[in-house]
Amino acid sequence: MTETSGRAVTADEAAAAGGAQEVLGWKLVIDCADPHRQADFWAAALGYRVEDNSTLIERLLGLGAVSEDILVEHHGRRAWRDLAAARHPEDPADPDSGAGLGRRLLFQRVPEPKTVKNRLHIDVHSGPGRREETVARLEGLGATVIRQVREPGGEWTVMADPEGNEFCVA
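Every chain is numbered independently, its residues counted from 1 as its sequence is written. With pLDDT at 70 or above as the cut-off, local features in this predicted model cover only qualifying residues; side-chain atom pairs require 80 or more to be listed or tallied, and sums for whole chains, interfaces and linings still use all residues. Each side-chain value is derived from all of the structure's non-hydrogen atoms; neither hydrogens nor water enter the calculation.

K.L.:
Which residues make up the sheet that holds strand E11 (residues 154-160), and what values do they have?
P.N.:
One open sheet holds the four strands; their spatial order is E9-E12-E11-E10, and the pairing between them is mixed. Edge strands, defined here as strands with exactly one partner in the open sheet, are strand E9 (122-124) and strand E10 (144-151). Within this sheet the neighbouring strands show an average axis-to-axis angle of 25°, counted without direction. In this structure, E9 lies alongside strand E12 (residues 166-169), joined through three bridges in parallel fashion. In the strand pairing of E12, Asp123 is matched with Cys168. In this analysis, two residues are considered to be in contact whenever any of their non-hydrogen atoms come within 4.5 Å of each other. Interaxial angles span 0 to 180 degrees and are taken between N-to-C directions of axes, which are lines fitted to C-alpha atoms, for helices over the stretch in contact. Strands are runs of DSSP state E lasting at least 2 residues, helices are runs of H or I lasting at least 4, and numbering of each runs from the N terminus. Seen against the sheet, helix H4 (residues 131-141) touches E9, E10, E11 and E12 and runs at an angle of roughly 0° to E11. Two strands qualify as a pair provided DSSP detects at least 2 bridges between them.

The structure is reproduced here in structure tokens:
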């Protein structure tokens, strides 16, 4: 939506009026204490791939643009200490940086711990009749069940990832 004279205008209204609505790319960025653990968890949970930024890192090291103190070794290769990402396996990635160009979760280290409920969360769609199986698999990866929800609109399981971020399995 865009704001016009105090009233929100939808993308459809803007297009109907002859204005072009730019489609924007996006990624979900999640603050955390251990970005590599989170990227590993979510990649395994969703069937995504942990991004490999080692080509870019090696090039920047060779140019003297970065130093070893901002790097770690993860999965047998150099990685950013404070950033890790998981991307959809069918979406393209930049060959120079390894960064995903489509559906992507980026985890960034922050100094403060999580203290309150998320304002944004991920919903995992397990497919008809597969919720219990999916919940059990995610528990095996390090998630915990918070509660089961049964409402007239549906049923789902509220879980927490290894750092306590809530998400739902439907």
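K.L.:
Got a sec to walk through the packing of aromatic side chains? Specific residues and values, please.
P.N.:
Note on aromatic pairs: the rings of Phe, Tyr and Trp (six-membered ring only in Trp) are paired at centre separations within 6.5 Å, and the planes decide the class, stacked below 30 degrees, edge-to-face beyond 60, tilted for the rest. The final tally for this structure, using the stated rule, is three aromatic pairs. Ring centres of Phe41 and Trp42 lie 5.1 Å apart, and the angle between their planes is 90°; this geometry places the pair in the edge-to-face category. Each residue is placed in one exposure class: buried if its accessible area under a 1.4 Å probe, protein chains only, is under 20% of its type's maximum, exposed if it is over 50%, and partly exposed if it falls in between. The buried category is assigned to Trp42, whose relative accessible area is 2%. Linked through ring pairs, Phe41, Trp42 and Phe167 together constitute an aromatic cluster.

K.L.:
Lay out the layout of surface pockets in plain terms, naming residues and giving numbers.
P.N.:
Here a cavity denotes a set of grid points, spaced 1 Å apart and computed over the protein atoms alone, in which a 1.4 Å probe fits but from which it cannot get out, and a pocket denotes an open set meeting protein on both sides within 12 Å along at least five of seven lines; residues with an atom within 4 Å of a point are reported as lining. Grid points are joined across faces, edges and corners, and a volume is the space filled by probe spheres set on the points. Quantified by volume, the largest pocket comes out at close to 460 Å³. In this structure, the largest pocket is lined by 23 residues; those nearest its centre are Ile30, Asp31, Lys114, Asn118 and Asn165. Elements supplying a minimum of two residues to the lining of the largest pocket: strand E3 (28-32) and E12. Of all the elements, E3 adds the most residues to the lining of the largest pocket, at five residues. Its residues assigned to classes, the lining of the largest pocket shows twelve nonpolar, four polar and seven charged. Note on residue categories: nonpolar means Ala, Val, Leu, Ile, Met, Phe, Trp, Tyr, Cys or Pro, charged means Asp, Glu, Lys or Arg, and polar means any other residue, Gly included.

K.L.:
Explain the side chain of Thr134 to me, using residue names and the numbers behind them.
P.N.:
Locating Thr134 in the fold gives a position in helix H4. In contact with Thr134, not counting residues within four places along its chain, are Val124, Ser126 and Val169.

K.L.:
Mind laying out the packing of helix H2 (residues 35-46) against H4, listing which residues take part and the relevant values?
P.N.:
Working note: a packed helix pair is described by the angle between its axes plus the distance between those axes. Between H2 and H4, the least distance of the axes is 10 Å, while the angle of their chain directions is 155°. It follows that H2 is roughly antiparallel to H4 by the angle criterion. Crossing geometry of H2 relative to H4 is assigned as right-handed. Facing Phe41, Ala44 and Ala45 of H2, the residues of H4 in contact are Arg137, Leu138 and Leu141. When its residues are assigned to classes, the contact of H2 with H4 shows five nonpolar, no polar and one charged. Each angle receives one of four descriptions, namely roughly parallel if under 35 degrees, roughly antiparallel if over 145, roughly perpendicular if within 65 to 115, and oblique otherwise. Rotating anticlockwise by less than a right angle from the far helix to the near helix defines a left-handed crossing, while the corresponding clockwise rotation defines a right-handed one.

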